[in-house]
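# Per-entry structural report
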Amino acid sequence: AQSVTQPDIHITVSEGASLELRCNYSYGATPYLFWYVQSPGQGLQLLLKYFSGDTLVQGIKGFEAEFKRSQSSFNLRKPSVHWSDAAEYFCAVTPGQTGANNLFFGTGTRLTVIP
Amino acid sequence: DTAVSQTPKYLVTQMGNDKSIKCEQNLGHDTMYWYKQDSKKFLKIMFSYNNKELIINETVPNRFSPKSPDKAHLNLHINSLELGDSAVYFCASSQETGAQFFGPGTRLTVL
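Heads up: these notes are all about the structure in this document. Note that the structure is a prediction, hence the values are computed from the model and not measured.

## What to know about the packing of aromatic side chains
Tallied over the entire structure, the rule returns 16 aromatic pairs over all chains. Taking the centre distance of 5.8 Å and the plane angle of 75 degrees together, the rings of Phe-34 of chain A and Phe-51 of chain A count as edge-to-face. With Phe-34 of chain A in strand β5 (residues 32-38) and Phe-51 of chain A in the loop between β6 (44-50) and β7 (56-58), this residue pair connects regions lying 17 residues apart in the sequence. For the ring pair Phe-105 of chain A and Tyr-35 of chain B, a centre distance of 5.7 Å and an interplane angle of 85 degrees mean the geometry is edge-to-face. Here the residue Phe-105 of chain A occupies a position in strand β11 (residues 104-105), and Tyr-35 of chain B occupies one in strand β4 (residues 31-37), the pair thus bridging two chains. Overall, the relative accessible area of 5% leaves Phe-105 of chain A in the buried class. Here the aromatic cluster, defined as three or more aromatic residues joined through ring pairs, consists of Tyr-32, Phe-34, Tyr-36, Phe-51, Phe-90 and Phe-105 of chain A together with Tyr-33, Tyr-35, Phe-90 and Phe-102 of chain B.

See the structure below:
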């Protein structure tokens, strides 16, 4: 069965500092991989996705993520965090096969940004 | 224009009632989904539906039923509401294997 692990429940960084949020998945083949962000009281916004090809993917708001097959990881990074980045971040996977693809989510990482 | 919209945003009701949440997408997507987010923010798939099939997560009670009047809508009906149904429910849509786009969520509170 698919599973997604986000080992960090809560991360606090200073504004302007770099950020890395960890995500590991467990799946037989290479799934499709996603990062979503959820601001308080809001829905989920897609930051970036990986289907195939270049393992370093760029997303919105200055985020990027790197797929590492050998480590079954898809970590999210940002070189300089802004106060508005404070939110809940979810890593998710789907099997990547034709047809409806249910997303399996990690438990999320809450990011706090301090001035 | 809102890509995926849900109504209502908040829903407060008594145990035992029947309620519906509506979802509409204007993205022309083939597939729509319902997710439940519990109090610990964990998101879990409930249903996925396209014009070919409905896939139900086996853990979802049969009190929950999706209804799709057309490709742009997937409504969620809940019968005999229970306290444990309190959660935030998200609708989403995608083009088959594409990325899913989420609605703003409906916070359901069962008293």
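What follows picks up the thread again.
## Looking at the interface of chain A and chain B
Counting residues at the interface gives 23 residues for chain A, matched by 21 residues for chain B. Summed over both partners, the interface of chain A with chain B comes to about 1,800 Å²; 60% of that surface belongs to carbon and sulfur atoms. Summed over the shared surface of chain A and chain B, the number is zero salt bridges. Viewed at the interface, chain B and chain A are joined by four residue pairs in polar contact (both at pLDDT 80 or more).

## Some points on the nonpolar core
All names here are of chain A. Grouped together as the largest cluster of nonpolar side chains are 26 residues, with contacts concentrated most on Trp-35, Leu-48, Phe-74, Leu-76 and Tyr-89. Elements represented by at least two residues in this core include exactly β2 (10-14), β3 (19-21), β5, β6, β8 (64-68), β9 (73-78), β10 (87-94) and β12 (109-114). Among the elements that line this core, the one with the most residues is β10, at four residues. Ignoring any residue separated from it by four or fewer positions in sequence, one finds Phe-74 in contact with Cys-23, Leu-33, Phe-34, Trp-35, Leu-48, Lys-49, Tyr-50, Val-57, Ala-65, Glu-66 and Phe-67.

Cut-offs applied
- Residues numbered from 1 in each chain as written.
- Chains lettered and ligands numbered in written order.
- Predicted model: local features only at pLDDT ≥ 70, side-chain atom pairs only at ≥ 80, totals over all residues.
- Heavy atoms only, no water.
- Phe/Tyr/Trp six-rings, centres within 6.5 Å; stacked < 30°, edge-to-face > 60°.
- Helix = DSSP H or I, 4+ residues; strand = E, 2+ residues; numbered from the N terminus.
- Buried < 20%, exposed > 50% of the residue type's maximum accessible area, 1.4 Å probe, protein only.
- Contact = heavy atoms within 4.5 Å.
- Buried area = accessible area lost by both parts, 1.4 Å probe.
- Salt bridge = Lys/Arg side-chain N within 4 Å of Asp/Glu carboxyl O.
- Polar contact = N/O pair within 3.5 Å; in protein donor to acceptor, adjacent residues only side chain to side chain.
- Core = buried A, V, L, I, M, F, W, Y, C linked by side-chain atoms within 4.5 Å.

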